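A structural walkthrough
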Amino acid sequence: MSNPKTEVLTPFNSQLIFIDQQPQMAFGVQSIDRQTLKNNTVGLAKAAKIFNIPTTFTTVETQSFSGHTYPELLAVFPDAPLLERTSMNSWDDQKVRDALKRNGRNKIIVSGLWTEVCNATFALSAMNDAGYEIYMVADASGGTTKEAHDYAMQRMIQAGVVPVTWQQVLLEWQRDWKNRDTYDAVMALVKEHSGAYGMGVDYAYTMVHKAPERVQHGPTLAPVAAA
């Protein structure tokens, strides 16, 4: 019997859900630098946009506690509905279940806050109740402590969740650099959100392949030794 988790992620077999990527939730995150967390989360969203991945957004107690979803994240999918909840477990909300079912893909990629609460309860419930495969984006999720995040990831892995990172998901969707219809957009995303990898791409393009710089800037003035 084949194991469906050995099938790599593709733009046609997976969907994505963002859970509670809201400022008050991020304020409590201590397992990862919060600016890095935001960068990775927005990068993941932009990757989903490139590959036309069905993407669901769900939020909790927006007006009373958690605040509005990051504007940088909403800007990637400006027309996406925000599925508001009261429960910490997204699976408890019928709108969320219906949205995932409509997308018709059994592999659910998850990015959310906090790992040990909202992510873990959703993952366990979705697997137990509906047989979904869960791919937890560890570096686009965060917990209240490093231990909380790490032990939640371990608990989920023991239950069958697959741990991934946002860039791993991006490159798994791209798969082959001969896929030119997404190549340029992926490279642009890498330059913007992939840190040292993106800097390396910029360097190779401009210094090795002599591509023009990505931005226009003022004149470069020659060195002048001080008297």
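How each quantity is defined
- Residues numbered from 1 in each chain as written.
- Predicted model: local features only at pLDDT ≥ 70, side-chain atom pairs only at ≥ 80, totals over all residues.
- Heavy atoms only, no water.
- Core = buried A, V, L, I, M, F, W, Y, C linked by side-chain atoms within 4.5 Å.
- Buried < 20%, exposed > 50% of the residue type's maximum accessible area, 1.4 Å probe, protein only.
- Helix = DSSP H or I, 4+ residues; strand = E, 2+ residues; numbered from the N terminus.
- Contact = heavy atoms within 4.5 Å.
- Salt bridge = Lys/Arg side-chain N within 4 Å of Asp/Glu carboxyl O.

- The chain has the name Hydrolase in an unreviewed UniProt entry, where Pseudomonas muyukensis is given as its organism.

**Examining the nonpolar core**
- By size, the foremost hydrophobic cluster in this structure holds 36 residues, and its most contacted members are L44, I109, L170 and W173.
- Secondary-structure elements contributing two or more residues to this core are β1 (14–19), α1 (23–27), α2 (34–50), β5 (133–137), α8 (166–174) and α9 (180–193).
- Of the residues forming this core, the biggest block, 6 residues, is contributed by α2.
- The residues contacting W173, other than those within four sequence positions of it, are L9, T10, P11, S14, A47, A48, F51, I53 and I109.
- Of all hydrophobic cores here, the second largest spans 21 residues; its members include I19, I108, V110 and F122.

**Thoughts on the pattern of salt bridges**
- Throughout the structure, instances matching the rule amount to 8 salt bridges.
- Here E72 makes a salt bridge to K38, at a shortest N to O gap of 3.1 Å. Taken together, the residues E72 in helix α4 (residues 71–74) and K38 in helix α2 connect sequence positions 34 residues apart.
- The partner of K146 in a salt bridge is D150, and the shortest N-O contact between them spans 2.6 Å. You can see K146 and its partner D150 sitting in helix α7 (residues 146–159), 4 residues apart, about one turn around the helix.
- When salt bridges that share partners are traced, they join E7, K107 and E133 into one network.

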